Amino acid sequence: MSERVNFHFEIDGENFTSAGEASVRIKKHLRDMGFSPDTIRRVSVAMYEGEINMVIHANGGSADVDVYVDRIEITLADKGPGISNIELAMQEGYSTAPDNIRSLGFGAGMGLPNMKRYTDNMKIESEVGKGTTIYMTVNV
Amino acid sequence: MKISTIIDLLHARVLCGEDKLDGVVNSACGCDMMSDVLAFVKEQAVLLTGLCNPQVVRTAVMMDMRCIVFVRGKLPPEDVITLAKEAGLVVLATDERMYTACGKLYINGLAGGEVGNE
């Protein structure tokens, strides 16, 4: 494999039904590239939660997955409302998602905690009114 | 537990994946909140749920699950079944309620899974 392989996705914020399609595609790409099932699951679950978050909170955004020999980096960027209290948002069970999202199976306050759970490193940069960028790394 | 045994225990109908009923699942998760499912990591698991949207299939795919059981007599729309077919999943439907369906599988030897990725 060359030094870095990039996969870029635009996440449609209008369509909850299609949310997660990019993560399914990443899962297939990583399988084709020969990564272990554990690594593939960690990357795809973290990205899937991020995709769902961008659709629920930020009217979509972009996702970049950079694959290196020793690590996989995921960058999720949106121009949504931003996160005013990141520490609170990281608590399991805390959610600002509207009730209709809970009827769709999300909004339990597990999205960001799951992203942290499945990655080796996670950094959130967010500015209220400007947007949020989340950087995650899964070591191979 | 074989998927065909789950069908017998829950009097379930097969909505897709008829060719994979000899497949084996090692654990089960009964849940309507998909992020809670994503916190659960056992492979070769079966997901029991009353939620009928495409995110159920994507969640099952993310967790390398083999089989989804829709409980309480719910039937997912055709696009959900199509997604499951593409993913190679077995999809079942039972009239049992969530609690009863999980209980029947549990007392017949199918364990729950551990939470977290430790």
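Look above for the structure.
Anyway, here's the lowdown on the structure attached to this text. (Residues numbered from 1 in each chain as written. Chains lettered and ligands numbered in written order. Predicted model: local features only at pLDDT ≥ 70, side-chain atom pairs only at ≥ 80, totals over all residues. Heavy atoms only, no water.)

## A few points about the overall build of chain B
To be explicit about the condition: Secondary structure is summarised from DSSP: a helix means a run of H or I of at least four residues, a strand means a run of E of at least two, and numbering begins at the N terminus for each. Based on C-alpha atoms, the radius of gyration is set beside the globule rule, defined as 2.2 Å times the residue count to the power 0.38. Burial here depends on accessible area, computed with a 1.4 Å probe over protein chains only, as a share of the maximum for the residue type. Under 20% is buried, over 50% is exposed, and the range in between is partly exposed. Should any heavy atoms of two residues lie within 4.5 Å, those residues are considered in contact. Here the Shrake-Rupley method, with its probe set to 1.4 Å, supplies the accessible areas, and only the displayed protein chains count as covering residues.
If you tally the helices and strands in chain B, you get five helices and five strands. Helices and strands in chain B line up, N terminus first, as α-β-β-α-β-α-β-α-β-α. The C-alpha radius of gyration computed for chain B amounts to 12 Å, which stays within 12% of the reference 13 Å derived for 118 residues, consistent with globular compactness. Considering only C-alpha atoms, chain B reaches an extent of 35 × 25 × 25 Å along its principal axes. Here chain B holds 118 residues, and 53% of them are scored as buried. Taking as baseline every contact in chain B between residues at least 6 positions apart, the subset at least 24 positions apart corresponds to 53%. Taken as a whole, chain B presents about 5100 Å² of accessible surface, with 51% of it coming from carbon and sulfur.

## Digging into the packing of aromatic side chains
Given two aromatic rings, one states the distance between the centres and the angle between the planes to describe the pair. Residue and element names in this part refer to chain A. Formally: Between the rings of Phe, Tyr and Trp (Trp by its six-membered ring), a pair exists once the centres lie within 6.5 Å; its type follows the angle of the planes, with under 30 degrees stacked, over 60 edge-to-face, and the other angles tilted. Charge over a ring is defined by NZ of Lys or CZ of Arg lying within 6 Å of the ring centre and within 35 degrees of the ring normal.
The tally for this structure, following the rule as stated, stands at two aromatic pairs over all chains. When the centroid spacing of 6.1 Å and the interplanar angle of 70 degrees are considered together, the rings of phenylalanine 16 and phenylalanine 106 count as edge-to-face. Of this pair, phenylalanine 16 sits in the loop between strand 1 (5-12) and helix 1 (21-32) while phenylalanine 106 sits in the loop between helix 4 (99-102) and helix 5 (111-118), and the two are 90 residues apart along the sequence. In this structure phenylalanine 16 comes out as buried when scored by relative accessible area, which is 15%. Ring plane angle 85 degrees and centroid distance 6.1 Å describe the contact between tyrosine 48 and phenylalanine 106, whose orientation is recorded as edge-to-face. Residue tyrosine 48 is found in helix 2 (residues 37-57), and its partner phenylalanine 106 is found in the loop between helix 4 and helix 5; the two are separated by 58 residues along the sequence. This pair shows no difference in class: tyrosine 48 is buried, exactly as phenylalanine 106 is. Connected via pairs of aromatic rings, a cluster forms that spans Phe16, Tyr48 and Phe106. One cation-aromatic arrangement involves arginine 71 over tyrosine 68; the distance from NZ or CZ to the ring centre is 3.8 Å. The cationic tip of lysine 123 hangs over the ring face of tyrosine 135; the distance from NZ or CZ to the ring centre is 5.0 Å.

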